Amino acid sequence: MTTFLVNAGGLALMAAIVWWFWLSGSNSDNSDQHH
Amino acid sequence: MGEAPVLRTALSISGASCQGCAKKIRNALEPLAGSTELVEVNLEAQTVALPEGVDVAEAARIVTETGYPAEAIAEPGAESGSCCASKKTTSCCSSKAQEETHKPDEPAAEAASATEVPADGDAVVLAVTGATCASCVNSIEKALMSVPGVTHAHMNLADNTATASGDADPQALVNAVESAGYGARVIEDPDSADDRKQEEDKKQYKVLLVKMAISLGLGLGLMIWGMGFGSMMVTEANQLTWINLGILTLGVMVATGGHFYTGAWKAFKHHNANMDTLIALGTGTAWLYSIVVVSIPEALPEMARHVYFEASAMIIGLINLGQALELRAKGKTSEAVRRLLDLRAKTARVIRDGQEQDIPVEDVQKGDRIRVRPGEKLPVDGVIAEGSTRIDESMLTGEPMPVSKGEGDEVSAGTLNTHGSIIYEATRVGSETALAQIIKLVKKAQGSKPAIGRLADKISSVFVPTVMLIAVVSALVWYNVGPEPAVVHMMVAATTVLIIACPCALGLATPMSVMVGVGKAAEYGALIRQGDALQTAGKIDLVIMDKTGTITEGHPAVTRVHAVDGDENRLLALAAGLEQHSEHPLAEAILARAKEDEVSVEAVTGFEALNGKGVQGEFNGEPVRLGNRRWLEAEGLSVDALNEAAQAITREAGTPLFLASGQQVLGVIGVADAIKPDSKAAIERLHQAGIKVMMVTGDVDATARAIAAKAGIDDYRAEVLPEDKAEVVSEMRGKGYTVAMVGDGINDAPALAAADVGFAIGTGTDVAIESASITLMRGSLHGVPDAIEISRATVKNIHQNLFGAFVYNSLGIPVAAGLLYPVWGILMSPILAGAAMSLSSVTVVTNANRLRLFKTSQPQVSAEERN
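Residues numbered from 1 in each chain as written. Chains lettered and ligands numbered in written order. Predicted model: local features only at pLDDT ≥ 70, side-chain atom pairs only at ≥ 80, totals over all residues. Heavy atoms only, no water.

**Details of the overall build of chain B**
Looking only at helices and strands, chain B features 32 helices and 31 strands. Taking all 867 residues of chain B together, the buried fraction comes to 55%. Taking as baseline every contact in chain B between residues at least 6 positions apart, the subset at least 24 positions apart corresponds to 70%. When the accessible surface of chain B is summed, it comes to about 35,300 Å², and 55% of that surface belongs to carbon and sulfur atoms. (Helix = DSSP H or I, 4+ residues; strand = E, 2+ residues; numbered from the N terminus. Buried < 20%, exposed > 50% of the residue type's maximum accessible area, 1.4 Å probe, protein only. Contact = heavy atoms within 4.5 Å. Areas by Shrake-Rupley, 256 points an atom, 1.4 Å probe, with all protein chains shown as cover.)

Okay, here's the thing in structure tokens:
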């Protein structure tokens, strides 16, 4: 159970990083310069 | 100070390429504007600023008639809103106001910057604090670009300034940078900003050292205590002590590394990640894990009850130490500019109403008469009115020998009067002086970023989030397949990855080297205007040179006068009559000869200079022409009778100038221009660097051949019109060469602009040559190989830095993640990662500073040789 929770937490954290820094950030003005 | 009329950009012009054109336009508009002082010609923007109330349509007509097609510009302000109408300092329109409205005398500094170097004039420069790495650069540039009106934004990590071009509100720019997690303020006066920055840096250095001492002291203390007297493992006996130590560590972390956490939080809010993010996450993870261990040790297996408070404290201490060292080294890189700033005199001895008085240099006005005694520095630019002396201009031009100056000669601010006492009249003050222009150019170039640096920025923008992903992946791998205690290993691996991966070295790699390289070039009298030129100059494999004033002295002398009817004095009188209206070096030679022979100059009217052909005017109702054979023949005149004399002139590397009155050819005058003493040696240096040298000249083939042979030039093109020089440059570029064009910046402007790198040869007082990317302040051609050698050394240095930074990160991250563990059982400690990270930025900065010791291959020229 702990193993599952740690791995699931890790994957969720990675998804959150991708979403926060790449996906959700690109709706702002920044995306124009970023790409 | 009196109320000076306000100037407005009134005309857009074309075809004005040099200071000579600007002078013509000023003179032409003098009757309309009241004074040439009230006409400002901006060669780069191709505009003319005039006082309010001047008939702009009439001005346009006059300028067009002078030879520069001009158009009136619509009244400014109509589209810029009401805020611009009141004061130029109004923040919402200050950049626009700077561009379009200024007073010629009062804020001379701003007026000059707005007209002379507009690329700078319409930009807002911010002093930024808290930026430490390539990701910060990216975040700040993104934040600035998001402000409406910004067309270009650039952050320079080497001197912590950000420049935003366009017409954005400066306050909005400050807000944007602040909301991205950094401090910012607008730099109003760049000169005082330098002093202020130096003070701030000193203070910051001390603060960082204190912070370092506290956090490193705690970390080391904990480590020694843990290893020597207690244990880093939590037991029932020491649990309470560890809890107290954990709280103490948190206090120290906040006190000495608080800026990392606030910076990280601000960046996070804006979907950005930077070096602060990595440090905050790394140290935060270590502390959080440790506090969980000491609070609920029973939740973890016994082997995993290890605390890492000392790691958090020591990492912060080491990074503070790294930043302190970096700050100190950064200060050294801007030494070149500081040395230039130190050249400025603080006071001037002005003669007003017959009284001599010492006044601050800022209060000196144009037209003031200034006395300078031996051993004193000249406070402003001007023209000697009384006395003669020898002036040491080495600080501006790199020329080691003092130069003789007498009445009527121009002198520059910052130079040293070595010999006699002189009185001179101020012609350029404040930021109009050559010295101020040089400082401005050097600063601007130091802040610019070559293409290679932009690549590093692109990479770093995705770098930090990627590192975060790698940290999570390595933690999971350690948890799932690593040995016990898995929890400890996963925490150590993730923390170490986060700490070691900080891209600070990557962010510093390019700007540090550019800053030192541009400063070094300035020491050698080469002003590099853009970082890109620095990078391209290293790749040059063909140098095309103009002849007159570049390879040769540019002060030709008359070698032969041959009249068809034998009356040489009449020939000289007419030629001098024509040339007295011209500023061309050939004209000076003819006038000098006429004066020497005591020939009275004829009154020729209707003077007109025809580029690449010659000059013409009217005498006794007849057209008089003085120029090259091709032109006269094209006008239907035969010069065959003068063939023999012309050939003799060209054999001596002279230029034959044919004089005709009406349809009758009167004679030929030979003018020769000596090769500069060091041109041959400079060309030899280019050859040794593997660079081909080519000469383009408007001269006839025989003259060109003679000069090329004497100077050791590989190839030449003769009888090239000024406008065709650019074509030669394009042709050679088309053949695959990376071409540098070297010219005196007057007729060569299009060719200078067409080349990959344009070198303008100027004197110390003529540095603002607009079309070239590199200006050589000294007349010597050695400046070209010097600049190329410095450029090559700088690019090599950038490559070393980038290579080092990339290798550090690409090796450091896998090692930190534990890649060596399966083979050798090595897992890096987070403390070591912190030290390595600090070391990497210190290494990059130190390597860039190594450039300061670079010496070019220029031979030391003795005083006798120069004279």
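Further notes follow.
**A word on the overall build of chain A**
Within chain A one finds two helices and zero strands. Expressed as a percentage of the 35 residues in chain A, the buried residues total 29%.

**Section: the interface of chain B and chain A**
The partner chain A presents 19 residues to the 22 residues of chain B that form the contact. Roughly 1,900 Å² of surface becomes buried between chain B and chain A when both sides are summed, with 72% attributable to carbon and sulfur atoms. Sorting the residues of chain B by area buried against chain A places Lys-142, His-271 and Leu-469 of chain B first, and these three jointly supply 32% of that buried surface. Between the two partners, chain B and chain A, sit zero salt bridges. Along the contact surface separating chain B from chain A lie three residue pairs in polar contact (both at pLDDT 80 or more). When contributions to the side of chain B that touches chain A are tallied by element, the ones reaching two or more residues are α7 (134–145), α10 (239–269) and α16 (451–481) of chain B. Take the side of chain B that touches chain A: its biggest share by element is 11 residues, from α16 of chain B. Residues of the side of chain B that touches chain A, tallied by class, amount to 12 nonpolar, eight polar and two charged. (Buried area = accessible area lost by both parts, 1.4 Å probe. Salt bridge = Lys/Arg side-chain N within 4 Å of Asp/Glu carboxyl O. Polar contact = N/O pair within 3.5 Å; in protein donor to acceptor, adjacent residues only side chain to side chain. Nonpolar A, V, L, I, M, F, W, Y, C, P; charged D, E, K, R; others polar.)

**So, the UniProt feature "transmembrane region" (unreviewed entry) in chain A**
Mapped onto the present numbering, the UniProt feature "transmembrane region" (unreviewed entry) falls at residues 6–23 of chain A. Annotated as 100% helix and 0% strand, the span residues 6–23 of chain A places its first and last C-alpha atoms 24 Å apart. (UniProt positions renumbered as here; feature names shortened; annotations may be inferred.)

**Description of the pattern of salt bridges**
Residues and elements named next belong to chain B. One pass over the full model with this rule turns up 20 salt bridges over all chains. Between Glu-432 and Lys-366 there is a salt bridge; the shortest N-O distance is 3.3 Å. Placement of Glu-432 in the loop between β18 (422–428) and α15 (434–447) and of Lys-366 in the loop between β11 (355–360) and β12 (369–372) is noted, with a sequence separation of 66 residues between them. For Lys-366, a relative accessible area of 25% puts it in the partly exposed group. For Arg-369, the salt bridge identified is with Glu-386, shortest N-O distance 2.6 Å. Note that Arg-369 is positioned in strand β12 and Glu-386 in strand β13 (residues 381–386), a separation of 17 residues in sequence. Through salt bridges with shared partners, a single ionic network connects Arg-349, Glu-356, Asp-358 and Arg-371.

**Some points on the nonpolar core**
Residue and element names in this part refer to chain B. Ranked by size, the top nonpolar core spans 90 residues in total, and within it Val-543, Phe-759 and Ile-774 carry the most contacts. For this core, the element with the highest residue contribution is helix α18 (residues 504–523), accounting for 11 residues. Grouped together as the second largest cluster of nonpolar side chains are 68 residues, Met-232, Phe-260, Val-307 and Ala-817 included. (Core = buried A, V, L, I, M, F, W, Y, C linked by side-chain atoms within 4.5 Å.)

**Digging into a nonpolar patch on the surface**
A cluster of nonpolar side chains, namely Met-1, Phe-4 and Leu-5 of chain A, defines an oily patch on the protein surface of about 400 Å² accessible area. Position of Leu-5 of chain A relative to the elements: it lies in helix α1 (residues 2–23). (Patch = residues over 30% accessible without salt bridge, like charges linked within 9 Å, V, L, I, M, F, W, Y side chains within 5 Å.)

**Some points on the packing of aromatic side chains**
Enumeration according to the criterion identifies nine aromatic pairs over all chains in this entry. Between Trp-287 of chain B and Phe-309 of chain B, the aromatic rings sit 6.5 Å apart at their centres with planes inclined by 55°, giving tilted as the arrangement. Separated by 22 residues along the polypeptide, Trp-287 of chain B in helix α11 (residues 275–295) and Phe-309 of chain B in helix α12 (residues 309–333) bring together distant segments of the chain. With a relative accessible area of 14%, Trp-287 of chain B lands in the buried category. For the pair Trp-478 of chain B and Tyr-821 of chain B, a centre-to-centre distance of 4.9 Å together with 70° between the ring planes defines the contact as edge-to-face. Here Trp-478 of chain B, found in helix α16, pairs with Tyr-821 of chain B, found in helix α30 (residues 821–824); they are 343 residues apart in sequence, far enough to count as distant. Residue classification places Trp-478 of chain B among the buried residues on the basis of a relative accessible area of 6%. Feature note: the residues Trp-19, Trp-20 and Phe-21 of chain A together with Trp-265 and Phe-268 of chain B constitute an aromatic cluster, connected by ring pairs. (Phe/Tyr/Trp six-rings, centres within 6.5 Å; stacked < 30°, edge-to-face > 60°.)

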